[in-house]
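Chain residues, written in single-letter form:
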Amino acid sequence: MVKVTFVAADGSETSVEGEEGASVMQTAVANDVEGIVGECGGSMMCATCHCYVDDAWISKTGERQHDEDDMLEGAASEVRETSRLSCQIKLDQSLDGLVVHLPDEQF
Amino acid sequence: MESGPIVIVGAGQGGLQVAASLRQAGYEGELTLIGNEPGLPYQRPPLSKAYMQDGNPGALKLRAAEFYDKQQIRYLPETSVTAIDRDDGRIATTSGELDFGHLILATGASNLRPPIPGLDRTLDLRTLADADKLRERATGDRRFAVIGGGFIGLEFAAVASKFGLDVVVAEAAPRLMARAVSPQMSELFLKKHRDLGSTVLLGDPVSAIDDRGIALVGGTHLEADEILLAAGVRPNTVLAEAAGLDCANGVTVDAQLLTSDPRISALGDCACFPDSRSGLRIRLESVQAATDHARHIAARLTGKQPDPYNALPWFWSDQADYKLQIAGLAQPDDRAEAVDEHVVFRFDAEDRLTAVETVNNARVHMRTRKLLAGGETVGPDTARDLLS
Ligand SMILES: Cc1cc2nc3c(=O)[nH]c(=O)nc-3n(C[C@H](O)[C@H](O)[C@H](O)COP(=O)(O)OP(=O)(O)OC[C@H]3O[C@@H](n4cnc5c(N)ncnc54)[C@H](O)[C@@H]3O)c2cc1C
Ligand code: FES
């Protein structure tokens, strides 16, 4: 299992254990973390799984994909350098302890 | 603000969303979500895509089990609503009766069953149970025939050919996905499926199904061990009709998604609503329509007086390495202009952009979504800016 901490827009933190191979979006939804919607189920269609990767983790989660950039154009909240679609971040042991911040709205 | 109780019939994409949105919008009254399928509410799109390949039901769940308790949503699985008593504000279900202050019909759609002899031999792909059965059969050297070259049939064909199965797709219309996309897109996907190794037959309806496969009107017989019926759907309106609600191609609703009874709303696949752009009454089978309808109804029931419903339709379909995305809604005879091999613009008779179809081009898709959602009229020149 891989530990992930979600920091909501109001600063409150939720830590959950995700399965290796699952995406950050799936982990949030499976653990009832508010603030990630994931309306398209991870098909990179909805941009309602937008998150900001914590600066300390940005080198480990990798770059965003070309299409991801384009889909983020449709995100409801401000897009920053650290913005990712959380359905495109797959968990593995190297991400154990991952911290992501959630935007204040998803649509 | 609706004082409740609010009862939702159908626990699919839209039913679950309206329950979630009602709580988010501050509705604190009684909330019951009733579904006739077992297990927790799940998403259908992956059934013909990722789930067909990985078989992981965990990834389908719309919300975790704790969500229902925490949000105080009473969820009744494996329960069918059998009648609506509009005078008394009460419904009958297979496990008893329930009162409602407001009722939301989110009953979805069922597979269309054309009058073809031998249809009882076919498999469906609408529910998780259907998908499991199909996955079980989609192994080894079984030969598959798919009746219908629409989204679901083609998504399945793409996965099945990836498994190395022998696939024939029989489509009655002269082109693929004819109701939803331009001729140019139909052509692009025809080539794709033929390159993947599927046999695709067009313009020749299935006339009969027998032990050895399917027969076409034109006289061809195709050998198949398994047959998937994917010839479209029809809205689930039986309940609404029996209760005397207006129905025509779905449950008729107004621009606030209210049925002909002001205590009953309807959404998603089962609802026929006025399209704010074309002025036509339409019914959409998409996650977008189900969820945007749900949010609209939740806003209305919690006392916000929303503008008439006007969310922009959008849709996607994954077939092998082609991701088709559609922003907007074209009428079948809207002009189609292929601006590059993977981007088609649709324009109505007044040269207004109605939709853009793209393959593997999220940038143009997303830009179109933003542009059209604004509600302005977009002519050919402005449309071209989408490409830059
Ligand atoms: C295989 C497949 C792939 C798809 N792919 C895509 C895609 O890629 N993109 C996209 O946008 N859309 C896709 N769709 C369509 C999308 O899933 C639907 O548009 C969406 O689920 C509609 O939501 P809904 O709430 O209206 O109905 P549903 O999600 O179908 O839910 C309706 C529920 O109500 C239940 N019900 C009906 N009558 C009763 C009753 N009397 N009592 C109790 N329960 C009842 C039904 O059993 C069902 O569980 C796909 C659909 C399928 C089947
Ligand atoms: S879940 Fe839709 S884009 Fe990530």
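A quick note: this is a predicted structure, and the numbers were derived from the prediction, not measured. (Residues numbered from 1 in each chain as written. Chains lettered and ligands numbered in written order. Predicted model: local features only at pLDDT ≥ 70, side-chain atom pairs only at ≥ 80, totals over all residues. Heavy atoms only, no water.)

Details of the overall build of chain A
In step 1: Secondary structure assignment for chain A yields 3 helices and 5 strands.
In step 2: Referenced to the eigenvectors of the C-alpha coordinate spread, the extents of chain A come out at roughly 30 × 25 × 25 Å.
In step 3: Looking at chain A as a whole, 50% of its 107 residues are labelled buried.
In step 4: In chain A, 66% of the contacts between residues at least 6 apart in sequence involve partners at least 24 apart.
In step 5: Within chain A, one finds 6 positive and 22 negative side-chain charges whose respective centroids are separated by 5 Å. (Helix = DSSP H or I, 4+ residues; strand = E, 2+ residues; numbered from the N terminus. Buried < 20%, exposed > 50% of the residue type's maximum accessible area, 1.4 Å probe, protein only. Contact = heavy atoms within 4.5 Å. Lys, Arg positive; Asp, Glu negative; His and termini not counted. Charge placed at Lys NZ, Arg CZ, Asp CG, Glu CD.)

Regarding the pairing of strand S2 (residues 13-18) of chain A
For a regular strand, side-chain orientation follows a simple rule: the groups alternate between the two sheet faces.
Residue and element names in this part refer to chain A.
In step 1: Pairing between strand S1 (residues 2-7) and S2: 6 bridges, direction antiparallel. Paired with Val-4 across the two strands is Val-16, which belongs to S2.
In step 2: Counting the residues in the hairpin turn of S1 and S2 gives 5 residues, including Gly-11, whose phi is positive at 95°. (Pairing = 2+ DSSP bridges.)

Structural notes on the UniProt feature "domain: Reductase C-terminal" (unreviewed entry) in chain B
In step 1: Mapped onto this numbering, the UniProt entry gives "domain: Reductase C-terminal" (unreviewed entry) at residues 314-385 of chain B.
In step 2: End C-alpha to end C-alpha, residues 314-385 of chain B measures 20 Å, and it is 25% helix and 43% strand. (UniProt positions renumbered as here; feature names shortened; annotations may be inferred.)

Focus: the UniProt feature "domain: FAD/NAD(P)-binding" (unreviewed entry) in chain B
In step 1: The sites that carry the UniProt feature "domain: FAD/NAD(P)-binding" (unreviewed entry) are, in the present numbering, residues 6-294 of chain B.
In step 2: Between the first and last C-alpha atoms of residues 6-294 of chain B the distance is 13 Å; the span itself is 25% helix and 26% strand.

Thoughts on the sheet that holds strand S25 (residues 353-359) of chain B
All names here are of chain B.
In step 1: Spatial strand order, S21-S22-S25-S24-S23: 5 strands in an open sheet with antiparallel pairing. Unpaired on one side and paired on the other, strand S21 (314-319) and strand S23 (335-340) mark the two borders of the sheet. When the angles between neighbouring strand axes are averaged without regard to direction, this sheet yields 15°.
In step 2: Sheet topology places S21 next to strand S22 (residues 322-328); 6 bridges connect them, and they run antiparallel. Residue Asp-318 lies in a different strand from S22, and its bridge partner there is Lys-323.
In step 3: Helix H5 (residues 151-162) contacts S21 and S22 of the sheet and is inclined by roughly 30° relative to S21. (Axes fitted to C-alpha atoms, helices over the stretch in contact; angles between N-to-C directions.)

Observations regarding the pattern of salt bridges
All names here are of chain B.
In step 1: Here the structure, examined in full by the defined rule, presents 32 salt bridges over all chains.
In step 2: Of the charged contacts in the structure, one is a salt bridge between Arg-44 and Glu-37, with a shortest N-O distance of 3.0 Å.
In step 3: Each of the salt bridges in this network shares a partner with another, and the network as a whole consists of Arg-335, Glu-337, Asp-351, Asp-381 and Arg-384. (Salt bridge = Lys/Arg side-chain N within 4 Å of Asp/Glu carboxyl O.)

A short note on empty space enclosed by the protein
Residues and elements named next belong to chain B.
In step 1: Under the defined criterion, the tally for this structure stands at 1 cavity of 30 Å³ or more.
In step 2: For the largest cavity, the lining is made up of 13 residues, of which Phe-273, Asp-275, Tyr-309, Ala-311 and Pro-313 are closest to its centre.
In step 3: For the lining of the largest cavity, the secondary structure elements donating two or more residues are strand S19 (271-274) and helix H8 (287-301).
In step 4: Grouping the amino acids of the lining of the largest cavity by side-chain chemistry returns 8 nonpolar, 3 polar and 2 charged. (1 Å grid on protein atoms, 1.4 Å probe; cavity = no way out; pocket = protein on both sides within 12 Å on 5 of 7 lines; lining within 4 Å. Points joined across faces, edges and corners; volume = space filled by probe spheres on them. Nonpolar A, V, L, I, M, F, W, Y, C, P; charged D, E, K, R; others polar.)

A closer look at a negative patch on the surface
In step 1: On the surface, a cluster of negative charge is contributed by A:Glu17, A:Glu20, A:Asp92 and A:Asp96.
In step 2: The topology assignment puts A:Asp96 in the loop between strand S4 (83-85) and strand S5 (98-101). (Patch = residues over 30% accessible without salt bridge, like charges linked within 9 Å, V, L, I, M, F, W, Y side chains within 5 Å. Areas by Shrake-Rupley, 256 points an atom, 1.4 Å probe, with all protein chains shown as cover.)

Side note on the packing of aromatic side chains
In step 1: According to the stated counting rule, one finds 8 aromatic pairs over all chains in the structure shown.
In step 2: With 6.2 Å between their ring centres and 35° between their planes, B:Trp314 and B:Trp316 make a pair best called tilted. This pair shows no difference in class: B:Trp314 is buried, exactly as B:Trp316 is.
In step 3: Taken together, B:Phe67, B:Tyr68 and B:Tyr75 form an aromatic cluster joined through their ring pairs.
In step 4: Directly above the ring of A:Phe107 sits B:Arg295, whose terminal nitrogen or CZ lies 3.8 Å from the centroid. (Phe/Tyr/Trp six-rings, centres within 6.5 Å; stacked < 30°, edge-to-face > 60°. Lys NZ or Arg CZ within 6 Å of the ring centre and 35° of its normal.)

Remarks on H5(B)
All names here are of chain B.
In step 1: Between its terminal C-alpha atoms H5 stretches 17 Å, which fits the 16 Å expected from 12 residues at 1.5 Å a residue.
In step 2: By the burial criterion, the buried members of H5 are Phe-151, Gly-153, Leu-154, Glu-155, Phe-156, Ala-157, Ala-158, Val-159, Ala-160 and Ser-161.
In step 3: Once H5 ends, the next one or two residues include Gly-164, with phi positive near 85°. (Expected span 1.5 Å × (residues − 1).)

Points about unusual backbone geometry
In step 1: One non-glycine residue with positive phi stands out, namely A:Asp32, at about 60°.
In step 2: For A:Asp32, the position within the fold is in the loop between helix H1 (24-30) and strand S3 (50-53).
In step 3: Phi at B:Met177 takes a positive value of approximately 45°, unusual for a residue other than glycine.
In step 4: Turning to its location among the elements, B:Met177 is positioned in the loop between strand S10 (166-170) and helix H6 (183-195).

A short note on the interface of chain A and chain B
In step 1: Facing the 19 residues of chain A at the interface are 28 residues of chain B.
In step 2: The contact between chain A and chain B buries some 2000 Å² in all, and 50% of this surface belongs to carbon and sulfur atoms.
In step 3: For the chain A face of the interface with chain B, the top three residues by lost area are A:Asp32, A:Glu39 and A:Met45, together amounting to 33%.
In step 4: The interface formed by chain A and chain B includes 5 salt bridges.
In step 5: With a closest N to O distance of 3.2 Å, A:Asp32 and B:Lys70 form a salt bridge.
In step 6: For the interface between chain A and chain B, the tally reads 8 residue pairs in polar contact (both at pLDDT 80 or more). (Buried area = accessible area lost by both parts, 1.4 Å probe. Polar contact = N/O pair within 3.5 Å; in protein donor to acceptor, adjacent residues only side chain to side chain.)

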